[in-house]
Amino acid sequence: MTYEIDMINRDPNGLNDHVKVLFEDVLAEPDGAHSYKCLWNCAYECFNCWKGCCYKTLTLLCGIPLAIYWGCEFAIITFWHVWYISPCMRAYMINCGCLQKFYGACLQCYLQPLCDACGYFLSNIRVTSYSG
């Protein structure tokens, strides 16, 4: 199966929406406390430049090793689920089905006749009221 990655929208499922860090999300001047426009523009440019440079440097140094690590990690998780956890859950469900049939048979054989007898016995009770 060939899968082509989207180079424009790199988070199509919104997995990291909580990490969207824009200048406006970090620095904000309230009304009545504004700095000089040139200073605010310079701070905006510096923030974006350094954030971009640091992120790109970190991804250059750590991106490939971390991608290898996480690829192995999820391969191991997938392996355990396919070859251990899913078969264990299937065996558990099979055994639960067997126990369910056994429990149902016990209820029908032992408890149902007792409940039927009690119901028959109690169905003959008549209540009459006398007003005096």
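An unreviewed UniProt entry lists the chain under the name Caveolin, with Lymnaea stagnalis as the source organism. The annotation that UniProt attaches to the chain under Function (unreviewed entry) is "May act as a scaffolding protein within caveolar membranes. Interacts directly with G-protein alpha subunits and can functionally regulate their activity." The record in UniProt for the chain states the following under Sequence similarities (unreviewed entry): "Belongs to the caveolin family."

Our focus in this paragraph is a nonpolar patch on the surface. A cluster of nonpolar side chains, I76, F79, W80, V82, W83, Y84, I85, M89, Y92 and M93, forms an exposed patch at the surface whose accessible area comes to about 1100 Å². One can find Y84 in helix α2 (residues 37-123). Overall, Y84 belongs to the partly exposed group, its relative accessible area being 46%.

Attention shifts here to the layout of surface pockets. Estimates place the volume of the largest pocket at around 700 Å³. Around the largest pocket sit R10, D11, L15, N16, V19, K20, K51, G52, Y55 and K56, which together line it. For the lining of the largest pocket, the per-class residue count stands at three nonpolar, two polar and five charged. Put simply, the second largest pocket is a space of about 300 Å³.

Turning next to the pattern of salt bridges. One pass over the full model with this rule turns up one salt bridge. The closest approach of N and O atoms between K20 and D17, which form a salt bridge, is 3.3 Å.

Looking now at the UniProt feature "transmembrane region" (unreviewed entry) in the chain. Within this structure's numbering, the places UniProt gives as "transmembrane region" (unreviewed entry) are residues 67-85. Secondary structure content for residues 67-85 is 100% helix and 0% strand, and the end C-alpha separation is 25 Å.

A full pass over the atoms with the stated rule returns seven aromatic pairs. Measuring from centroid to centroid gives 5.6 Å for F23 and F47, while their planes differ by 65°, and the two rings are edge-to-face. On the criterion of sequence distance, the pair formed by F23 in helix α1 (residues 23-26) and F47 in helix α2 is long-range, its members being 24 residues apart. Look at F23 and you get buried, because its relative accessible area is 3%. Members of the aromatic cluster, connected to one another through ring pairs, are F23, W40, Y44 and F47.

Criteria and cut-off values
- The residue numbers shown here count from 1 along each chain, following its written sequence.
- Only residues with pLDDT of at least 70 get local features here, since the model is predicted, and only at 80 or more are side-chain atom pairs given and counted; chain-wide, interface and lining totals rely on the full set of residues.
- With hydrogens and water excluded, all non-hydrogen atoms of the structure serve as input to the side-chain values.
- UniProt positions are given in the numbering used here, feature names are shortened, and annotations may be inferred rather than shown by experiment.
- Patch building starts from residues that exceed 30% relative accessible area and form no salt bridge, then joins like charges within 9 Å and nonpolar side chains (Val, Leu, Ile, Met, Phe, Trp, Tyr) within 5 Å.
- Here the open area of atoms and residues is found with the Shrake-Rupley method and a 1.4 Å probe, where only the protein chains shown may cover a residue.
- Salt bridges, as used here, are contacts in which a Lys or Arg side-chain nitrogen is within 4 Å of a carboxyl oxygen on Asp or Glu.
- Strands here are runs of E lasting at least two residues and helices are runs of H or I lasting at least four, both read from the DSSP assignment and numbered beginning at the N terminus.
- Any residue under 20% of the maximum accessible area for its type is buried, any over 50% is exposed, and the rest in between are partly exposed; the area is computed with a 1.4 Å probe on protein chains only.
- Put simply, the grid is 1 Å and covers the protein atoms alone, a cavity is a trapped set of points that fit a 1.4 Å probe, a pocket is an open set with protein on both sides within 12 Å along at least five of seven lines, and lining residues have an atom within 4 Å of a point.
- Grid points are joined across faces, edges and corners, and a volume is the space filled by probe spheres set on the points.
- Residues were grouped as follows: Ala, Val, Leu, Ile, Met, Phe, Trp, Tyr, Cys and Pro as nonpolar; Asp, Glu, Lys and Arg as charged; and all remaining residues, including Gly, as polar.
- Between rings of Phe, Tyr and Trp, where Trp is taken as its six-membered ring, a pair exists when centres lie within 6.5 Å; planes separated by under 30 degrees are stacked, by over 60 edge-to-face, and by other angles tilted.

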